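Residue-level listing of the chains:
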Amino acid sequence: MRIEPDQLRMLALVGAHGSLAGAAAELGLTPAAVTGQVARAERQWGVPLVVRGSRGARLTDAGEALASHGREIDAVCELAESQMSGALTRTSRRLRIGTFMSAALRVLPEAVTALRHRHPESDLSIVEGTSPDLLERVAAGELDVAVIGSYGEAPTLPAWLTATRLFRDPLVLCLPSDHRLAATPADQRVRMSQLRGDRWIAILAGQAARDQFDAAAAAAGVEPGIQFETESYDVAQALVATGIGVAVISQMAARTMPGTTHRELERPRLHRELWAVHSRDTRLTPLVVEFVDLVGQVCGELTDRWAGARLADVVAAQS
């Protein structure tokens, strides 16, 4: 015989209130409806479960046996409600952020500081990684939001994720200080075709940034001699400083380094886009919405600062 949990809870409430009316009020039912439930339960079990009298109602021994399990159900439900409330509170305060190095340096500090001032009780964590890895971790639910970069195209996302465009980050040329083009005026752009025959420090093959570079070089008729491959713009600049080659790097990652100089590219004007990627459903992670808005504000301010500024001044300000 299948026992119905609602039946057990109803009998527990009858015992607790000493009346069918009290049980009905707590269950949100009419006394007649509870009376009908008691009658059905007694037919099911074939014994009296509730004795009704002028002073209310009491449980028989059989009714009490069933009601004891109803009280256990209520206790488990209360515990589950308490634990769920705690979990929702922790989740609503938590924000697991992923980003790559230059965004961590140039964009996140202001946004995270503002978010912590708004929500001092928040539980924030930040991890660094490559954009493909961060995207996978957001899709897997390991991160709540990630700031990632794409080259040429918007990121390809699963249906349950969404991306907010934040910023366009130009790519610039990093040259050894004694390079023949280092003597060109600082405000004069360099064409990729002027770099035929140079050796290069390039992003690792197979990454989107490298695909964009290879396509641009081919379009300019350049067959770059790759001296070194790396996934880090900081490493690329450090190697340029040794004089072994030139590199195309992110303007956001560019910084003053002895032995290097930077020039804007004229043809082609390469860039990467910054995006904030997160789940479409943010009901359990409300801080995501505020974080994306704050990061967007920081990126907007950065765009304004870069507008019309000389590349040398931008690089100096980031060093």
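About the thresholds
- The residue numbering used here restarts from 1 in each chain and proceeds along that chain's sequence as written.
- Residues qualify for local features only when their pLDDT is at least 70, as the model is predicted, and side-chain atom pairs are given and counted only at 80 or more; totals for whole chains, interfaces and linings, by contrast, use all residues.
- Side-chain numbers here rest on the full set of heavy atoms in the structure, without hydrogens or water.
- Strands here are runs of E lasting at least two residues and helices are runs of H or I lasting at least four, both read from the DSSP assignment and numbered beginning at the N terminus.
- In this setup the radius of gyration rests on C-alpha atoms only. A globule is expected at 2.2 Å times the number of residues raised to 0.38.
- Three labels apply to residues, based on accessible area from a 1.4 Å probe with only protein chains included: buried if under 20% of the type maximum, exposed if over 50%, partly exposed otherwise in between.
- What makes two residues a contact is simply this: any of their non-hydrogen atoms within 4.5 Å.
- This count recognises Lys and Arg as positive and Asp and Glu as negative, with His and chain-terminal groups excluded.
- A charged residue contributes its charge at one atom only: NZ of Lys, CZ of Arg, CG of Asp or CD of Glu.
- For two strands to count as paired, DSSP must find a minimum of two bridges between them.
- Lining residues are those with an atom within 4 Å of a point, where the points come from a 1 Å grid over the protein atoms alone and group into cavities, where a 1.4 Å probe fits but cannot get out, or pockets, open sets with protein on both sides within 12 Å along at least five of seven lines.
- Grid points are joined across faces, edges and corners, and a volume is the space filled by probe spheres set on the points.
- Note on residue classes: Ala, Val, Leu, Ile, Met, Phe, Trp, Tyr, Cys and Pro are nonpolar, Asp, Glu, Lys and Arg are charged, and everything else, Gly too, is polar.
- Distance and chemistry together define a polar contact, namely a pair of N or O atoms within 3.5 Å, with one atom able to donate a hydrogen and the other to accept it when in protein, and with adjacent residues in sequence counting only for side-chain atoms on both sides.
- We define a nonpolar core as any set of buried Ala, Val, Leu, Ile, Met, Phe, Trp, Tyr and Cys residues linked to one another through side-chain atoms lying within 4.5 Å.
- Fitted lines through C-alpha atoms give the axes, limited to the stretch in contact for helices. The angle between two N-to-C directions lies from 0 to 180 degrees.
- What sets the label is the angle itself: under 35 degrees gives roughly parallel, over 145 gives roughly antiparallel, 65 to 115 gives roughly perpendicular, and the rest give oblique.
- In this scheme, a crossing is called left-handed if the near helix is turned counterclockwise away from the far one by less than a right angle; it is called right-handed if the turn is clockwise.

Caption draft 1: Main features of the overall build of the chain. The number of helices and strands found in the chain is eleven helices and eleven strands. For the chain, whose C-alpha radius of gyration is 33 Å, the value lies well above the compact-globule estimate of 20 Å for 319 residues. Once the C-alpha set of the chain is aligned to its principal axes, its extents read approximately 105 × 40 × 25 Å. A total of 319 residues make up the chain; the buried ones form 42% of that total. A fraction of 72% describes how many contacts in the chain between residues 6 or more apart in sequence connect residues 24 or more apart. Counting 33 positive and 38 negative side-chain charges, the chain places the averaged centre of each group 2 Å from the other.

Caption draft 2: Inspection of the side chain of Q212 at higher detail. Relative to the assigned elements, Q212 resides in helix 8 (residues 208-219). Residues in contact with Q212, not counting those within four places in the same chain, are Y151, G152, L171, L270 and H271.

Caption draft 3: Highlighting the pairing of strand 5 (residues 145-150). Along strand 5, six of the six residues are buried, which leaves the element largely enclosed by surrounding structure. The two faces of strand 5 match: V145, V147 and G149 on one face and A146, I148 and S150 on the other face are all buried. Bridge count for strand 3 (residues 94-99) against strand 5 is two bridges, and the pairing is parallel. Across the sheet, I97 pairs through a bridge with V145, a residue of strand 5. Taken together, the six bridges between strand 5 and strand 11 (residues 271-279) define a ladder with antiparallel strand orientation. Bridge pairing in strand 11 links A146 to V277.

Caption draft 4: Layout of the layout of surface pockets. Within this model, the largest pocket holds a volume of roughly 800 Å³. Lining of the largest pocket is provided by 32 residues; of these, T130, S131, P132, Y151 and Q207 occupy positions nearest its centre. Breaking the lining of the largest pocket down by element, the ones donating at least two residues are helix 5 (101-106), helix 7 (131-139), strand 5, helix 8 and helix 9 (233-241). Looking at the lining of the largest pocket element by element, the count peaks at four residues for helix 5. Among the residues making up the lining of the largest pocket, the classes are represented as 15 nonpolar, ten polar and seven charged. Its boundaries defined by the atoms lining it, the second largest pocket holds a volume of some 220 Å³. The wall of the second largest pocket is formed by F167, R168, P170, Q251, E264, R269, T303, W306, G308, A309, L311 and V314.

Caption draft 5: Representation of helix 2 (residues 20-27) within the structure. Buried within helix 2 we find L20, G22, A23 and A24. The inward-facing, buried residues of helix 2 contact helix 1 (5-17), helix 3 (31-45), strand 1 (50-53) and strand 2 (56-59). Sitting at the head of helix 2, S19 places a side-chain oxygen 2.9 Å from the backbone nitrogen of G22. A positive phi of about 75° marks G28, the residue just after helix 2.

Caption draft 6: Summary view of the environment of P132. With respect to the secondary-structure elements, P132 resides in helix 7. For P132, a relative accessible area of 56% puts it in the exposed group. Between the C-alpha atoms of P132 and A208, which are 76 residues apart in sequence, the distance is 9.5 Å.

Caption draft 7: Molecular detail of the nonpolar core. In terms of nonpolar packing, the biggest core is built from 34 residues, with L173, M192, W200, Y233, V248 and I249 touching the most fellow members. Elements supplying a minimum of two residues to this core: strand 6 (161-176), strand 7 (199-203), helix 8, helix 9, strand 9 (247-250) and helix 11 (311-317). Here this core takes five residues from strand 6, the largest share from any one element. Not counting residues up to four positions away in its chain, the partners in contact with L173 are V190, L195, W200, A247, V248, T261, H262, R263 and L265.

Caption draft 8: Representation of the packing of helix 6 (residues 108-118) against helix 10 (residues 287-306). Where helix 6 meets helix 10, the closest approach of the two axes is 9 Å, and the angle between their N-to-C directions is 135°. Overall, the two elements helix 6 and helix 10 adopt an arrangement that is oblique. Between helix 6 and helix 10 lies a crossing of right-handed hand. On helix 10, the residues that touch L108, E110, A111, V112, A114, L115 and R118 of helix 6 are L287, E290, F291, L294, V295, V298 and E301. Its residues assigned to classes, the contact of helix 6 with helix 10 comprises ten nonpolar, no polar and four charged.

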